[in-house]
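# Inside the fold
Read off the chains here:
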Amino acid sequence: RTTFAATEVTIEFDQVNRPYSYREFTDTSGMYIDMVNAITNKLKDYSFSFSPVPLKEGIKNLDNNKSFAMIGLYETPQKKHLIYSHALYTQQIKLFCRDTVMKGKVALVVPDDLKGGLSVAVPPDVSPTAKLIEAQKNKGIKIEVIEDTEKAIIDLTKGRHDCYVKDSLSFKAHLQDLVTN
């Protein structure tokens, strides 16, 4: 009887995408990692491992065929050329704003409730919505790309930005990290 070694497959993931996929000390963690592990553990002819990379590096590796797959990407106009599987989870992208912008409201209507001169931070992996771009064009909203979520939250609390666009689970996880550290 001939025995074959399992095919080794490395899956890259964004190393700072809490709570979805992240590296903490030497541990690979996150709900996406758990979901993919649950699936890949059933595939006996393959041996899967995870490799943490910065998001931009992972996308570059995919573009240059240096990577088999990456967890946690979602389709944006800038990444239309990549092949996507079904989403592991549908993230809820929200606009988190300072009290001075909210003015007692539970939610804002974009672009109607945004006034000129506001600064909105956006992570590089989230495309501003058409309504936010409309507010930028028609109302003079400033949109700035901020790579580090915790820095963006600190900037928001210190008034360096008025709002931050981020998915709610990730925002809450990073905010919790800031509060406990």
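What comes next is a walk through the structure. Keep in mind the model is a prediction, meaning the values are calculated, not measured.

## Examining helix α1 (residues 31–40)
- Taken together, the buried positions of α1 are Tyr32, Ile33, Val36 and Thr40. Each buried residue of α1 lies within a common arc of 100° when the element is viewed along its axis, so the set occupies one face.
- Considering only its buried residues, α1 is in contact with β1 (7–14), β2 (16–17), β3 (21–24), β4 (27–29), β5 (46–53) and β6 (69–71).

## Focus: the sheet that holds β5
- Spatially, β5-β1-β6 is the arrangement adopted by the three strands of the open sheet, whose pairing is parallel. Single-partner strands in this sheet number two, and they are β5 and β6. Going across the sheet, the axis of each strand differs from the next one's by a mean of 35°, ignoring polarity.
- Note: β1 against β6, three bridges, orientation parallel. For Phe13, the partnering residue across the bridge sits in β6 and is Ile71.
- Lying on the sheet, α1 is in contact with β1, β5 and β6; it crosses β5 at an angle near 165°.

## Some points on the pattern of salt bridges
- Applying the stated rule across the entire model yields six salt bridges.
- Between Asp113 and Lys105 there is a salt bridge, with the nearest N and O atoms lying 3.0 Å from each other.
- Taking the relative accessible area as the measure of exposure, Lys105 reaches 41% and is therefore partly exposed.
- When salt bridges with common partners are traced through the structure, they connect Arg18, Glu24 and Asp177 into a single cluster.

## Observations concerning the packing of aromatic side chains
- Counting across every chain of the model gives six aromatic pairs.
- Both rings, one in Phe96 and one in Phe171, keep their centres 3.8 Å apart while their planes meet at 5°; by these two values the pair is stacked. Remark: Phe171 occurs in helix α6 (residues 168–180) and Phe96 occurs in strand β7 (residues 93–97); sequence separation between them is 75 residues. Assigned by exposure class, Phe96 and Phe171 land together as buried.
- Here the aromatic residues Tyr20, Tyr32 and Tyr89 are joined through ring pairs into a cluster of three or more.

Conventions used here
- Residues numbered from 1 in each chain as written.
- Predicted model: local features only at pLDDT ≥ 70, side-chain atom pairs only at ≥ 80, totals over all residues.
- Heavy atoms only, no water.
- Buried < 20%, exposed > 50% of the residue type's maximum accessible area, 1.4 Å probe, protein only.
- Helix = DSSP H or I, 4+ residues; strand = E, 2+ residues; numbered from the N terminus.
- Arc of directions from axis to C-beta.
- Contact = heavy atoms within 4.5 Å.
- Pairing = 2+ DSSP bridges.
- Axes fitted to C-alpha atoms, helices over the stretch in contact; angles between N-to-C directions.
- Salt bridge = Lys/Arg side-chain N within 4 Å of Asp/Glu carboxyl O.
- Phe/Tyr/Trp six-rings, centres within 6.5 Å; stacked < 30°, edge-to-face > 60°.

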